[in-house]
Amino acid sequence: MKMNFKLFRMLLEILLLTASFCNAQRSNKCNPGSQCKPLSSCPQMLDILNSGIDSNLQIVRNNICYSVRSKTGVCCPTPLTSSATKAPEITIGHPAESVSLLPAKCGLPATEVKIINGSPALIGAFPWMAALGYTAPGRSKPSFLCAGSVINSKYVLTAAHCLDPNEIGGHTLSVIHLGDYDLTTDKDCERKSLGLKCFPPHIVAGVEDTVLHPKYNTRAKSSDDVALIRLNLTVDFDSSSATIQPVCLPPKGFNFRAFAGNRTPIAAGWGLTEHGNRSNILLRVNVPIANDTLCKERYKGKFVGNQLCIGGTEEGFDTCRGDSGGPLFMTNQYGPPFYQVGIVSFGPLPCGVYRSPGVYANVFDYRDWIINNLRP
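In this text the structure is predicted, and so the values were computed from the model without any measurement.

K.L.:
What is the right way to look at the overall build of the chain in this model?
P.N.:
Scanning the chain from terminus to terminus reveals six helices and 19 strands. The 376 residues of the chain split such that 52% are buried. Surface summary for the chain: the accessible area is close to 17800 Å², and the carbon and sulfur share equals 52%.

Structure follows, in structure tokens:
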């Protein structure tokens with residue numbers, strides 16, 4: 001008897017999920033907004049499992065609530081009713097939007113998933129990271145002074161001040177490294193139990209065009225600190241494999257505080273560390289969410305709206321110089337995809353000071369502007 005290959009693969013993966021769960025624990029409680037149901041009765045999880053994207057398997061694995069013999073249950077989002085609040089949505093990319101040039105597949109890391117007190121990221125963990133290299137007059141070797149995020153095959157999202165000569169000391173943005181991890185090597189490798197695993201070389205792109213938000217620096221210094229860089233090449237995400245992939249923008253109707261809850265977003269970059277030197281290796285740090293009142297008090301007249309107040313609740317956990325323009329991102333409670341929620345704008349000096357949070361542009365507030373300024 002012939003069996004559909006996708007169905008066969010799905011059944012095999014269910015067995016693997018069940019086996020891995022049985023080895024770990026017998027039961028899990030589901031979070032509010034979801035209920036424990038048989039996997040076969042949860043269309044959202046079945047769609048994720050049947051998507052053909054290997055990294056999505058972890059989403060289902062994380063949401064197993066019971067396993068009895070060959071039967072598996074998952075925490076399934078509860079349906080929306082007239083009296084209920086909207087249940088969490090699980091997506092594997094941007095929803096279809098006829099006006100958008102955003103990719104359907106986004107926010108998926110290749111691995112399971114200073115920066116002040118940051119730790120090295122795994123290679124491929126954040127494949128949307130872009131390192132912005134600048135050259136000074138009379139010098140050919142670039143200095144990587146800012147970061148950005150890949151949002152589609154032609155565009156990198158960054159901070160407007162990273163394209164402002166007055167803020168970059170007269171340096172010129174000359175190169176953009178995509179799919180890079182260690183800025184000093186052409187090919188990134190990591191040691192595994194079975195030997196050395198090397199990733200494809202990073203791509204060096206140039207700048208075809210830039211677009212700064214029209215209100216940048218008008219409401220206050222560093223207000224509306226958002227910009228787009230159009231690359232001089234088109235990234236082929238399929239051939240780039242896992243080393244270069246776009247991050248997701250927040251979906252319509254997104255609310256950062258409701259989405260984040262008591263969870264902590266992630267920042268990543270090659271900026272200054274607590275030791276005062278720039279990192280050649282991509283670092284990551286979990287930065288806690290602060291109360292907006294803290295930013296209003298600390299940055300009088302500069303925290304003017306469309307911004308996020310992040311960090312400062314703990315000593316030493318922060319982004320710093322060189323991380324500017326880089327993304328602040330997080331998943332929903334079920335795991336990937338990752339959504340970019342902020343852009344590193346400005347913060348205290350020295351970095352990582354208690355009760356001195358950093359300020360990030362709120363990406364959702366600029367979502368329409370970003371989409372409307374993308375060209376094919």
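K.L.:
Just checking my understanding: could you explain the state of the cysteines for this structure?
P.N.:
This model, assessed by the stated rule, comprises four disulfides. Note on cysteine connectivity: cysteine 106 is disulfide-linked to cysteine 248, with sulfurs 2.0 Å apart. Because the sign of the S-S torsion sets the handedness, a value of about 100° for the bond joining cysteine 106 and cysteine 248 places this disulfide among the right-handed ones. The class of cysteine 248 is buried, set by a relative accessible area of 0%.

K.L.:
Is there a simple way to explain the pattern of salt bridges in this structure?
P.N.:
Between side chains of opposite charge, pairing is possible as soon as their charged atoms come close. Applying the stated criterion across every chain, the model contains six salt bridges. Note that glutamate 167 and lysine 221 form a salt bridge whose closest N and O atoms lie 2.6 Å from each other. One end of the pair, glutamate 167, is in the loop between β7 (155–158) and β8 (172–178); the other, lysine 221, is in the loop between β12 (207–212) and β13 (227–231), and 54 residues separate them in sequence. The salt bridge partner of arginine 219 is aspartate 224, with a shortest N-O separation of 3.0 Å. Assessed through its relative accessible area of 36%, arginine 219 is described here as partly exposed. Judged by its relative accessible area of 4%, aspartate 224 is buried.

K.L.:
Looking at this structure, I do not really get unusual backbone geometry. What am I missing?
P.N.:
Glycine aside, negative phi is the norm for most residues, and most peptide bonds take the trans geometry. Put simply, proline 336 and proline 337 share a cis peptide bond, and its omega is 20°. Tracing the backbone through its elements, the reader meets proline 337 in strand β18 (residues 335–346). The phi dihedral of serine 222 falls on the positive side, at around 70°, and the residue is not glycine. By secondary structure assignment, the location of serine 222 is in the loop between β12 and β13. A positive phi is found at aspartate 224, a non-glycine position, where the angle reads about 50°. Looking at the element boundaries, aspartate 224 is found in the loop between β12 and β13.

K.L.:
It is not clear to me how the confidence of the model for the chain should be interpreted in this structure. Could you clarify?
P.N.:
Any segment with low pLDDT has predicted coordinates that should not be analysed in fine detail. Within the chain, residue pLDDT values average 77, and 69% of them lie at 70 or more. Below pLDDT 50 for its whole length, residues 51–55 participates in nine contacts with residues either more than four positions away or in separate chains.

K.L.:
Where do I start with the nonpolar core in this structure?
P.N.:
Most often, soluble globular proteins have nonpolar side chains that are buried together. Grouped together as the largest cluster of nonpolar side chains are 57 residues, with contacts concentrated most on Phe126, Met129, Ile151, Leu157, Leu178 and Ile370. Counting only elements with at least two residues in this core, the list comes to β5 (129–135), β6 (143–150), β7, β8, β13, β14 (266–269), β18 and α6 (367–372). Among residues more than four places away in sequence, those in contact with leucine 178 are Met129, Ala130, Val150, Val156, His202, Ile203, Ala205, Leu231, Val235 and Ile244. Core analysis: the next-biggest nonpolar cluster, separate from the first, contains 18 residues, Cys106, Ile289, Ile310 and Val344 among them.

K.L.:
Would you take a moment to explain the pairing of β7 for this structure?
P.N.:
On any regular strand, side chains alternate: one points to one face of the sheet, the next to the other face. Of the two faces of β7, the one holding Tyr155 and Leu157 and the one holding Val156 and Thr158 are both buried throughout. Between β6 and the antiparallel strand that follows it, β7, lie four residues. Bridge analysis of β7 against β13 gives four bridges, and the strand direction is antiparallel. Each residue of the ladder has a partner; that of tyrosine 155, found in β13, is arginine 230.

K.L.:
Would you explain the side chain of aspartate 164 in this entry?
P.N.:
Checked against the element boundaries, aspartate 164 lands in the loop between β7 and β8. Although aspartate 164 lies buried, it forms no salt bridge, and the closest oppositely charged side chain, lysine 221, sits 6.4 Å away as judged by the N-O distance. A polar side-chain atom of aspartate 164 sits 3.0 Å from the main-chain amide nitrogen of asparagine 166. Residues contacting aspartate 164, with those up to four places away along its chain left out, are Tyr216 and Asn217.

Reading guide: rules and limits
- Residues numbered from 1 in each chain as written.
- Predicted model: local features only at pLDDT ≥ 70, side-chain atom pairs only at ≥ 80, totals over all residues.
- Heavy atoms only, no water.
- Helix = DSSP H or I, 4+ residues; strand = E, 2+ residues; numbered from the N terminus.
- Buried < 20%, exposed > 50% of the residue type's maximum accessible area, 1.4 Å probe, protein only.
- Areas by Shrake-Rupley, 256 points an atom, 1.4 Å probe, with all protein chains shown as cover.
- Disulfide = S-S within 2.5 Å.
- Salt bridge = Lys/Arg side-chain N within 4 Å of Asp/Glu carboxyl O.
- pLDDT = per-residue confidence, 0-100.
- Contact = heavy atoms within 4.5 Å.
- Core = buried A, V, L, I, M, F, W, Y, C linked by side-chain atoms within 4.5 Å.
- Pairing = 2+ DSSP bridges.
- Lys, Arg positive; Asp, Glu negative; His and termini not counted.
- Polar contact = N/O pair within 3.5 Å; in protein donor to acceptor, adjacent residues only side chain to side chain.

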